[in-house]
Amino acid sequence: MASKRLKIWESAALAALCIALLAGTWAQGRLRGIQGSVVRLHVIAQDDSEAEQALKLRVRDAVLRYLEGRLEDASTRAEAEARIRQELEGIGQAAAAAAEGRAVRVSLSREHYPLRVYEDFRLPAGEYESLRVVIGEGEGRNWWCVVFPPLCLSAAGREEAKSVMAREDFAVVAEDSERSFRFRTVELWGELTGALER
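Given the structure is predicted, the values throughout are model-derived calculations rather than measurements.

1. Topic: the pairing of strand S1 (residues 39–44)
Consideration 1: The element S1 is extensively covered by neighbouring structure, given that 6 of its 6 residues are classed as buried.
Consideration 2: Relative to strand S5 (residues 126–135), S1 runs parallel, the two sharing 6 bridges. Bridge pairing links Leu 41 to Leu 131 in S5.
Consideration 3: With 6 bridges connecting them, S1 and strand S6 (residues 142–148) associate as antiparallel partners. Within the sheet, the bridge partner assigned to Val 39 lies in S6 and is Phe 148.

Next comes the structure, spelled out in structure tokens:
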């Protein structure tokens, strides 16, 4: 008779497993939604010398100036990605002009990012579509931002992000103490899936 019923600890373990699976499913959906809404920018310096780090910022500024008018009316990540892809040569030329003779490689690809906190916006770790600008050997410190929605181009970045992201996804990434548990759940899920994929 006792073998037909679940023991209390078995019931508790089963309930905990169900809750973990539901939380994981929810977190995966939010993470995919967030990743599917943005295009990141990653500029990598030749090395960590003061001169090369300053050069990295000049290259960054040149790339952002080049993109500013070209992305301003993009309404989806797919549209922004298509425009960036069409403009890779021009982006490369703008970066090279600011790189003072150093080689520059520009590409658009998926790239893993750690947790990143901006003024009033944060993005969980994970794989994101990324405009990558590598100066020289690319062995120095890097600089990250988001070019779509244009968080590095605009002071109104929070409102622009809100206009292109699903309401639930925006609620997770917007800085708000009420949502910190939800963000942390997505962040932990991103770290876990990232570790399993590597």
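Let us keep going from here.
2. Digging into helix H3 (residues 77–86)
Consideration 1: Residues Arg 77, Ala 80, Glu 81 and Ile 84 constitute the buried set of H3. Along the axis of H3, the buried residues cluster in a sector spanning 100 degrees; they form a single face. Of the exposed residues in H3, those oriented more than 90 degrees away from the buried face are Ala 78 and Gln 86.

3. Remarks on the nonpolar core
Consideration 1: In terms of nonpolar packing, the biggest core is built from 27 residues, with Leu 41, Val 59, Val 63, Leu 67, Ile 84, Leu 131 and Val 147 touching the most fellow members.
Consideration 2: Within the residue set of this core, elements represented by two or more residues are S1, helix H2 (50–71), H3, helix H4 (88–98), S5 and S6.
Consideration 3: With 8 residues, H2 is the single largest residue contributor to this core.
Consideration 4: With 8 residues, the next largest nonpolar core counts Ile 34, Tyr 113, Trp 144 and Val 146 among its residues.

What counts and how
Residues numbered from 1 in each chain as written. Predicted model: local features only at pLDDT ≥ 70, side-chain atom pairs only at ≥ 80, totals over all residues. Heavy atoms only, no water. Buried < 20%, exposed > 50% of the residue type's maximum accessible area, 1.4 Å probe, protein only. Helix = DSSP H or I, 4+ residues; strand = E, 2+ residues; numbered from the N terminus. Pairing = 2+ DSSP bridges. Arc of directions from axis to C-beta. Core = buried A, V, L, I, M, F, W, Y, C linked by side-chain atoms within 4.5 Å.

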